[in-house]
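Report on the structure
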Amino acid sequence: DAILKDLATAEATNQQELEQFRLKYISKKSVIGDLFNELKNVPNEDKKAFGMKLNEVKQAAQSKFKALIEQLESGGQGTTMEHEDLTLPAAGHTVGSMHPLTYVRNQIIQIFERIGFNVADGPEIEDDFHNFTALNFPENHPAREMQDTFFIERNPDILLRTHTSNVQVRLMHKQKPPIRSIMPGRVYRNEAISARAHCVFHQVEGLYVDKNVSFVDLKQTLYHFAKEMFGKDTKIRFRPSYFPFTEPSAEIDISCQICKGDGCQLCKHTGWVEIAGSGMVDPNVLANCGIDNEEYTGFAFGMGIERITQLKFQVNDLRLYTENDVRFLKQFSTLH
Ligand code: PHE
């Protein structure tokens, strides 16, 4: 009975006290354990009553032990709250912020939405047809080789898309012109990771197909984009280039945002940085996608979001985007 009384008032406000309770009442060497050892010395006629009482005590100890554990786990409510100073200010917690790539992607989308483009989406795991063949890549084009493309399966080839141009193909199959869309997304290339290259990055593809779309539309659209993104003094230039899916093709440079023309590492002292590939959609591609290439023309462009972000925020190492270093991420805490 004395033990039962003690049990009723026992408390444990921390793990040590809980352990003391366990040693005292639950373990083999506890007071209750000792009494069980005594059982053999109790005269036969009293054994039954003594045993029943002991079991009652043992159960009381066990259920009290359970109750104490629960109380501790739920934060010691009732007993310990009295010791908390509820007037103390709460501990501060850090709020995350938008990733610079997300911010720039959204900004690119906004700029193009305002001039009538909508956003389209497509798969990152793609077949050879949508990533290469429909885009007029010759059978033995080097971009199909293992060093550039991550293949998932061969014959028929399934791969991680190497550019967002696969969405062009899917869109043209699905939709009749006019088509005016941008297609942001993740792309993959089998490249060694360095300050200037990564095996995963992001592109935004643009496609405009309609009657009478000309190179002038392409030029004005991208000029407009460059000024909106980098400021109205930004200069733009087109350099002849080659892509299997556009003819003619051009690479687009903007005036270097970092050195403002005085020469730096990024623009290799030329004052110009490449931001996009572009061109008039090759009539073969229109035909491959079921669009009448006598009636319709189009332009397309593709740009790297990492590169645009790099120019906008002067990020000098591509690896920073994916390393999750808070010292880097914190610098963008005002973006939203
Ligand atoms: N797909 C090309 C690339 O990844 C970019 C591009 C898109 C070029 C559309 C022209 C037209 O390099």
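The structure displayed is predicted, hence computed values, not measured ones. (Residues numbered from 1 in each chain as written. Predicted model: local features only at pLDDT ≥ 70, side-chain atom pairs only at ≥ 80, totals over all residues. Heavy atoms only, no water.)

1. Thoughts on the overall build of the protein chain
- Counting its regular elements, the protein chain contains twelve helices and ten strands.
- Rg of the C-alpha trace for the protein chain: 35 Å, well past the compact-globule value of 20 Å for 336 residues, more than 25% over.
- Among the 336 residues that make up the protein chain, the fraction classed as buried is 43%.
- Put simply, 66% of the contacts in the protein chain that link residues at least 6 apart link residues at least 24 apart.
- Summed over all atoms, the accessible surface of the protein chain reaches about 19,400 Å², with 51% contributed by carbon and sulfur. (Helix = DSSP H or I, 4+ residues; strand = E, 2+ residues; numbered from the N terminus. Rg over C-alpha atoms; globule rule 2.2 N^0.38 Å. Buried < 20%, exposed > 50% of the residue type's maximum accessible area, 1.4 Å probe, protein only. Contact = heavy atoms within 4.5 Å. Areas by Shrake-Rupley, 256 points an atom, 1.4 Å probe, with all protein chains shown as cover.)

2. Things to note about the UniProt feature "binding site: Mg(2+)" (unreviewed entry) in the protein chain
- Annotation from UniProt places "binding site: Mg(2+)" (unreviewed entry) at Glu247.
- Here glutamate 247 is to be found in strand 8 (residues 246-255).
- Judged by its relative accessible area of 47%, glutamate 247 is partly exposed. (UniProt positions renumbered as here; feature names shortened; annotations may be inferred.)

3. What to know about the sheet that holds strand 9 (residues 272-281)
- Reading across from one edge, 1-5-6-10-9-8-7 is the order of the seven strands in this open sheet, with mixed pairing throughout. On the outer flanks of this sheet lie strand 1 (118-119) and strand 7 (236-243), each paired with one strand and no other.
- The pairing of strand 6 (residues 200-210) with strand 10 (residues 297-304) spans eight bridges and is antiparallel. Bridging from a neighbouring strand, leucine 207 pairs with alanine 300 of strand 10. (Pairing = 2+ DSSP bridges.)

4. Section: the site of the ligand
- What surrounds the ligand is a group of 14 residues, the closest being His163, Ser165, Arg189, Gln203 and Gly302.
- In this structure, a nitrogen atom belonging to the ligand sits 3.0 Å away from a side-chain N or O atom of histidine 163.
- Contact distances for the ligand include 2.9 Å between an oxygen atom and a side-chain N or O atom of glutamine 203.
- Taken by itself the ligand offers 330 Å² of open surface, and the protein chains cover 90% of this.
- In terms of residue count, strand 10 provides more of the shell around the ligand than any other element does, three residues in total.
- A breakdown of the residues in the shell around the ligand according to their chemical character gives four nonpolar, eight polar and two charged. (Near = heavy atom within 4 Å. Polar contact = N/O pair within 3.5 Å; in protein donor to acceptor, adjacent residues only side chain to side chain. Nonpolar A, V, L, I, M, F, W, Y, C, P; charged D, E, K, R; others polar.)

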